[in-house]
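Topology and contacts: notes
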Amino acid sequence: VTTKNKEVEVKENEGIDLTCSHSADFGSNPRVEWKFKNRMGSQVYVVFDGKPTDPYSSRLSMYSGSNVRFSKVTRKDTGVYDCEVSGNSQFGEVRVTLTVLVPPSPPVCKIPSSVTTGKTAMLSCHDGDGSPPPTYTWYKNGVPLPAEPRTISGYQNATYSLNTTHGSLTYARTSRSDSGEYYCEAANKAGPVQRCRAARMEVRDINTGGIVAGVIVALLLLALLGFGIWYAHKKGYLPSEFSSLA
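Each chain has its residues counted from 1, following the order in which its sequence is written. Local features are withheld for residues below a pLDDT of 70 in this predicted model, meaning they are given only at 70 or higher, and side-chain atom pairs are given and counted only at 80 or more; totals for whole chains, interfaces and linings count all residues. Only hydrogens and water are set aside; all other atoms, that is, all heavy atoms of the structure, feed into the side-chain values.

As annotated in an unreviewed UniProt entry, the chain carries the name Junctional adhesion molecule A and is attributed to Takifugu rubripes. UniProt positions are given in the numbering used here, feature names are shortened, and annotations may be inferred rather than shown by experiment. Here the chain is described in UniProt, under the heading Subunit (unreviewed entry), as follows: "Interacts with the ninth PDZ domain of MPDZ. Interacts with the first PDZ domain of PARD3. The association between PARD3 and PARD6B probably disrupts this interaction. Interacts with ITGAL (via I-domain). Interacts with CD151." Under the heading Sequence similarities (unreviewed entry), UniProt records this for the chain: "Belongs to the immunoglobulin superfamily."

1. Side note on the sheet that holds strand E6 (residues 60-63)
Being paired, for any two strands, means DSSP has found at least two bridges between them. Only DSSP runs of H or I with at least four residues qualify as helices, and only runs of E with at least two residues qualify as strands; both kinds are numbered from the N terminus onward. One open sheet accounts for three strands, arranged E2-E7-E6; its pairing is antiparallel. Edge positions in the sheet fall to strand E2 (16-18) and E6, since each has one partner strand and no second. Neighbour-to-neighbour, the strand axes of this sheet turn through a mean angle of 25°, independent of strand direction. Structural elements are reduced to axes, namely lines fitted to C-alpha atoms, with helices fitted over the stretch in contact, and the angle between N-to-C directions of any two is expressed from 0 to 180 degrees.

2. A word on the confidence of the model for the chain
Taken as a whole, the chain shows an average pLDDT of 89; of its residues, 88% reach a score of 70 or greater. The predictor's confidence in any single residue is recorded as pLDDT, a number from 0 to 100. In this description, contact between two residues means that some pair of their heavy atoms is separated by no more than 4.5 Å. Low pLDDT, under 50, characterises residues 242-246; the predicted model gives this stretch four contacts beyond four residues in sequence or across chains.

3. Re the state of the cysteines
Pairs of cysteine sulfur atoms within 2.5 Å are what we label disulfides. A complete count under the given rule lists three disulfides for this structure. The disulfide bridge from cysteine 109 ends at cysteine 196, spanning 2.1 Å between sulfur atoms. Taking the torsion about the S-S bond as the criterion, the cysteine 109 to cysteine 196 disulfide, at about -95°, is left-handed. Of this pair, cysteine 109 sits in strand E10 (residues 108-110) while cysteine 196 sits in the loop between strand E18 (194-195) and strand E19 (199-204); the two residues are 87 residues apart in sequence, bridging distant segments of the chain. Burial status follows relative accessibility: with a 1.4 Å probe on protein chains alone, a residue under 20% of its type maximum counts as buried, one over 50% as exposed, and anything between as partly exposed. On the basis of relative accessible area, cysteine 196 is assigned to the buried category, the value being 7%. Note on cysteine connectivity: cysteine 125 is disulfide-linked to cysteine 184, with sulfurs 2.1 Å apart.

Printed below as a string of structure tokens:
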């Protein structure tokens, strides 16, 4: 069992043929079935016992015995197709991979607005429409961040890691120099590059002065409260029960 093309690409809403031919070893009337498995691993019959199944019958037909023709494909048709031929005590199969080309949409980006120095910062970028799955590029202040920073002059001390497949940008330990305006681009072979809206991430030092001031204020309030209770007790303003406890 063979095919003319094991890797097939087609734009969404266009038609395409998937070919499957077999030798005479299977007899004069072999059984032909096509199975489809999507990206999630779910498998269904496209052709069962030589006939298109109900979900496909309106846009798929058989020709030349074992080939299938889609009149129109959608992004959900991306996956692998197995042509199985049996007959005359023989069995054979061939696999065809179909990629329906869909341009990416503007990706969804999550960029923290404020991070404390030394803490981890995680930026994410994702597009669920593009086919094949897009690759991602992150920009800081309009300059693309290299995926392998330590191999690029000027980035040897960078503390981030970038996954171009999943779109994640992670700073293990942020510094004030990591502050800037960030955005992400998604790209594949099907159409123009798309980007998300830029957002600023600010890396700030811990406000030790504010913390100390807050502690001092809290202590002063406690001291003032204690003085108030003592003064009220001295003047006899407190109830007798409270005075005995005091």
